[in-house]
Amino acid sequence: MTITGKLLINGEWIDGQAGSYRAVDPATGQELSPALGKASTEQVKQAVAAAEAASSTFRRMSVQKRAGFLRACAEEIMALGEPLVERAMAETGLPRARIEGERGRTCGQLNLFADTILKGDFLDVRIDTALPDRQPLPRPDLRYMNQAIGPVVVFGASNFPLAFSVAGGDTASALAAGCPVLVKGHSSHPGTSELVAQAIAKAARVTGMPAGAFSLLMGSGREVGTALVSAPEVKAVGFTGSFAGGMTLVRLAAERPEPIPVFTEMGSLNPVVLLPEALDRDAEKLAEGFIGSLNMGVGQFCTNPGLVLGIGSPALDRFVASAARHLAQQPAGVMLNEGIRQAYSQGVASISSQPGVNKTAVGEEPEGKSGFCGQPTLLTVSATDFIANHALAEEMFGPASLLVSCRNSGELLAALKSLGGQLTGTIHAAAGEMAGYDELIDVLSQRVGRLLVNGFPTGVEVCHAMNHGGPFPATSDVRFTSVGTAAIQRFLRPICLQNYPGDLFPEPLQDSNPLNIWRLVNGELSKAAL
Ligand code: NAP
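We now turn to the structure provided with this report. (Residues numbered from 1 in each chain as written. Predicted model: local features only at pLDDT ≥ 70, side-chain atom pairs only at ≥ 80, totals over all residues. Heavy atoms only, no water.)

**Some points on the pattern of salt bridges**
Move 1: Evaluation of the coordinates by the stated rule reveals 18 salt bridges.
Move 2: With a shortest N-O distance of 2.7 Å, Arg 87 and Glu 91 are connected by a salt bridge. With Arg 87 and Glu 91 both in helix α3 (residues 82-92) and four residues apart, this pair spans about one turn of that helix.
Move 3: Residue class for Glu 91 comes out buried when judged on its relative accessible area of 0%.
Move 4: Where salt bridges share partners, they join Glu 82, Arg 96 and Glu 100 into one cluster. (Salt bridge = Lys/Arg side-chain N within 4 Å of Asp/Glu carboxyl O. Helix = DSSP H or I, 4+ residues; strand = E, 2+ residues; numbered from the N terminus. Buried < 20%, exposed > 50% of the residue type's maximum accessible area, 1.4 Å probe, protein only.)

**A short note on the environment of Asp 317**
Move 1: Residue position: Asp 317 is located in helix α10 (residues 314-328).
Move 2: Since its relative accessible area comes to 52%, Asp 317 is described here as exposed.
Move 3: The spacing of Asp 317 and Ala 283 is 34 residues in sequence and 8.7 Å in space, taken between C-alpha atoms.

**Comments concerning the site of the ligand**
Move 1: Close to the ligand lie 25 residues, the nearest being Ser 158, His 186, Gly 221, Ser 242 and Cys 302.
Move 2: Lys 184 is positioned with one of its side-chain polar atoms (N or O) 2.9 Å from an oxygen atom of the ligand.
Move 3: Contact with the protein chains removes 85% of the 860 Å² of surface that the ligand exposes when unbound.
Move 4: Taken together, the elements giving at least two residues each to the shell around the ligand come down to α7 (221-230), β10 (236-240), α8 (243-254) and α11 (338-352).
Move 5: Along the lines of polarity and charge, the residues of the shell around the ligand split into eight nonpolar, 14 polar and three charged. (Near = heavy atom within 4 Å. Polar contact = N/O pair within 3.5 Å; in protein donor to acceptor, adjacent residues only side chain to side chain. Areas by Shrake-Rupley, 256 points an atom, 1.4 Å probe, with all protein chains shown as cover. Nonpolar A, V, L, I, M, F, W, Y, C, P; charged D, E, K, R; others polar.)

The structure is reproduced here in structure tokens:
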């Protein structure tokens, strides 16, 4: 398949009516062909109308058919073959192994959601049968299930051109729920976005989906993104990106005549706590693991370990010296785009200039290298300075981390208490050591969505038990994950049918339980027919 620069609206590929632009190769700074179109406000309206028109059919479609669509999406993405890998590499500067790995993750995610909806648990069916003779009042027949919330807008993330973009976790979970999806593609990888949308469009055609079930719109966030989120037909939004962008969308959605939920993932420091015995035993090994995690993907992961905390000791000094040695050998890596490189350099410069902050180590110089390169950086500061200065808790999106040295466990606790919400928190502890840190563990767990022990936070498994979320400002809704099968819950809403005619029940609520799913019947989980 070739890149046409068109938009996908109501199942048709159409030229954008609001001008054009070109993708940029971040490794060279050169523009890539072809020219790509931007959607006009009128085209956004057409796409939203098509999504609304598809909504009823798509919501009520059998889970078997929707699962077939998700599997076909995975097959068609794989069938794109080498051109997809090459274009994604050219648009992101990410290496082949990462892109191929991410493609596998994307397809695995689509297939996992297909399996999930076939099991039916996501419907959370609850049935309380009628009690006509109950005193003092009879109970009517009540049947509850989840259903699709309606058309969903997905903002593709810059840092996962496949797994969190056009066919990424937000799209897969919304389609699985039965919601038409309107993707606002990220302009950092538009050709990749179009190729993946071509695969989804083909899968939709082959499996007989309604034309408006999936659309791809490219263009500026302030125009296309805002028009999508403001459209009355849209019922929810998924977003991964900056705090400023995410909060703009949250406010916009809240101020609509009909406010809608916006699930934003906006960044995290991912604090890593090094307890004394673990440090004493393994300072060098921990330092090596930390630098590996910090530099993965040029640090452009929301789970990057951007903050490390330990109690001052000879072992912490060994950790810092070893981390500095490893970091100094790291090359400056190509970042995703010029804006992200600039934001990274400014962020590091801003934090480095704060009182008490030392630039302890830097990686190789970017000078002389082509493209938008970011230099790995390790900064250090005392806990006293860290706690006193909120500016030090700003995310540096890229391969930089701030090490906070505490005088004692009380100061370590105070430093953790000063933190806002995070996606992850990590504790390194020797066997039995955690037992002495009950309060610290509780404080950390109240601030994070995922608590890890003796590992590093990069690498987010796509599975049933994952929680990739966390308290604000890491996300705008602490109750939900954006990775793993529980992500489908964001795009569902419950409905209760009371005293409804038995012959009109949707399949999940029918007496015979034709889908053979687990249901809570009169308070007991059961697969039995009524
Ligand atoms: P971004 O600037 O927030 O953009 C993400 C998406 O939202 C883009 O499609 C963008 O459209 C749109 N958008 C941004 N501001 C908007 C607004 N005011 N109204 C409507 N739409 C808006 O994020 P990014 O481009 O991926 O990277 C920028 C920074 O975000 C990074 O330097 C990093 O700090 C952070 N980031 C965080 C994560 C994370 O995992 N938490 C991931 C990636 C980036 P346009 O491109 O047209 O503006």
